[in-house]
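Observations on chain architecture
Below, each chain spelled out in residue letters.
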Amino acid sequence: MGSTIIGCGKSLPALEVENDELKALVDTNDEWITTRTGIKSRRIAVDETNADLGEEAARQALGWTEGGYAERRIEAGEIDLVICATVTPDVVVPSAAGLLRRRLGLDNAIAFDVNAACSGFIYGLTVAETMIAASASNVAGAAGRNPIKRALVVGAERLTRLTNWSDRNTCVLFGDGAGAAVLEWNEERAGILSSFIVNEDDITNALTCANAFDAPQPFDKDGISLEAAAAGDPALPRTDEEIGTHALVEAGRPRQVLYMDGPKVFKFAAEAMTTAVRQAVERAGITLDDVACIVPHQANERIIKYAAKKLGRPMDFFQLSIAHTGNSSAASVPMALADAYEQGRIQRGDKVIVVAFGGGFTSGAVVFEA
Ligand code: ACO
């Protein structure tokens, strides 16, 4: 018995931008981007919102519309929990999950967001599985919990809204999209066998993005001050200093964009991915030989190549979806998972690993039986 993935879906915005088109914005070229990252094009949400993308992915996962993979149709009233993993919600309140709950009419569900950057879907899946298992367990207090039998876990991002389009080091990497999965408690099937999630402190601020609070603050330390409202938030420079963006903001660079030291993140990511896979496999009580395929975070094909080498597996053991999506943060793993199901790579009974790493630093992996 366990929480089983019974549906998956994905959604991409309409606009596709090829590598060479980015030459109009920065000094780059297709050859550099392709050889360093494996990315050929990315999708950019011009008119689509985070909720538009998440809704379409969820509809597929619920079996309401064509695309993705769904064992059967799940009715709106059957979903007890919605978790949306995102760093780019359309609004702060309500949550992205709350908007999806409203749009899909999931009236019985509780809904909240998870922010664990690119690992968000793995964290979301882990939280959902834990809540479902807790609800199904016989331990004292189980009867007093929210009964949760089915969960919708979504990863949805408009990462290109946090992209500095004049920084060639980062802007070529990112894209938008959404992916979703439906988890259901099943007495007969094993479902999720293990999960491993972990945080490391990104002490050198290798990957950061500030908030750009812009509401005038009519206060100084003595109380109300109309002059202070015009002067801007006095706490922001301290925050900028804490995450290492002070000098960049002072130099006129935008505040609310992703700043990344690529090589440092690369080093962290390559190690974190192999560690998470090994730990999750060990916790599941299996070996990699029992696994049909790995669906990794699509950040850079070279990171996947490095992990493949370390894990002693060929590249075709890994689902690769990066070429036409770029790095879409929390949306990346569920989108690649939907691709793997659609391409027939995952069959009933197969053991599969989903694995990710991201800002924070966060990382993690989940092993499940399809
Ligand atoms: N086009 C052409 N040249 C470029 C570009 C570009 N788009 N970007 C950088 N360069 C140049 C650099 O300026 C540098 O030139 P220099 O030697 O003259 O200074 C040269 O290319 C090499 O740059 P590196 O940074 O050393 O390139 P590297 O091989 O490390 O690749 C990359 C950079 C792709 C960013 C890589 O480090 C990477 O993928 N890092 C991990 C990113 C990641 O996985 N992020 C995941 C988390 S993202 C999130 O959580 C939202």
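Above this text you will find the structure in question.
Residues numbered from 1 in each chain as written. Predicted model: local features only at pLDDT ≥ 70, side-chain atom pairs only at ≥ 80, totals over all residues. Heavy atoms only, no water.

Describing the packing of aromatic side chains
Applied cut-off: Ring geometry is summarised as follows: Phe, Tyr and Trp rings, the Trp one being its six-membered ring, pair when their centres sit within 6.5 Å, and such pairs are stacked at plane angles under 30 degrees, edge-to-face over 60 and tilted between the two. Partly exposed residues are those whose accessible area sits between 20% and 50% of the maximum for their type, while under 20% is buried and over 50% is exposed, using a 1.4 Å probe and protein chains only. Each ring is checked for a lysine NZ or an arginine CZ that lies within 6 Å of its centre and within 35 degrees of its normal; such an atom marks a charge sitting over the ring.
Overall, the coordinates contain three aromatic pairs when judged by the stated rule. Between the aromatic rings of Phe317 and Phe318, the centroid separation amounts to 5.9 Å while the plane-to-plane angle is 80°, which identifies the pairing as edge-to-face. You'll find Phe317 and Phe318 in the same group, each marked buried. The ring of Phe317 has Arg313 lying over it, and the distance from NZ or CZ to the ring centre is 5.5 Å.

What about the site of the ligand?
Basically, it comes down to this: For this purpose, a residue is taken to be near a molecule or strand whenever a single non-hydrogen atom of the residue falls within 4 Å of it. Polar contacts, as used here, are pairs of N or O atoms within 3.5 Å; protein pairs need one atom able to donate a hydrogen and one able to accept it. Residues neighboring in sequence count only if both atoms are side-chain atoms. For every accessible area listed, the method is Shrake-Rupley and the probe measures 1.4 Å; residues are considered covered only by the protein chains on display. Put simply, DSSP marks the helices as runs of H or I at least four residues long and the strands as runs of E at least two long, and each gets a number from the N terminus on. In this classification, the charged set is Asp, Glu, Lys and Arg, the nonpolar set is Ala, Val, Leu, Ile, Met, Phe, Trp, Tyr, Cys and Pro, and all remaining amino acids, among them Gly, are polar.
The environment of the ligand is formed by 24 residues, the closest being Thr28, Arg36, Cys118, Arg168 and Asn300. Interatomic distance of 2.6 Å between a side-chain N/O atom of Arg36 and an oxygen atom of the ligand. Here Asn300 contributes a side-chain N or O atom positioned 2.6 Å from an oxygen atom of the ligand. Isolated, the ligand exposes 1000 Å² of accessible area, and the fraction of that covered by the protein chains is 76%. Contributing elements (two or more residues each) for the shell around the ligand: α1 (30-37), α5 (168-171), α9 (262-284) and α10 (301-311). For the shell around the ligand, the class distribution of residues is 13 nonpolar, seven polar and four charged.

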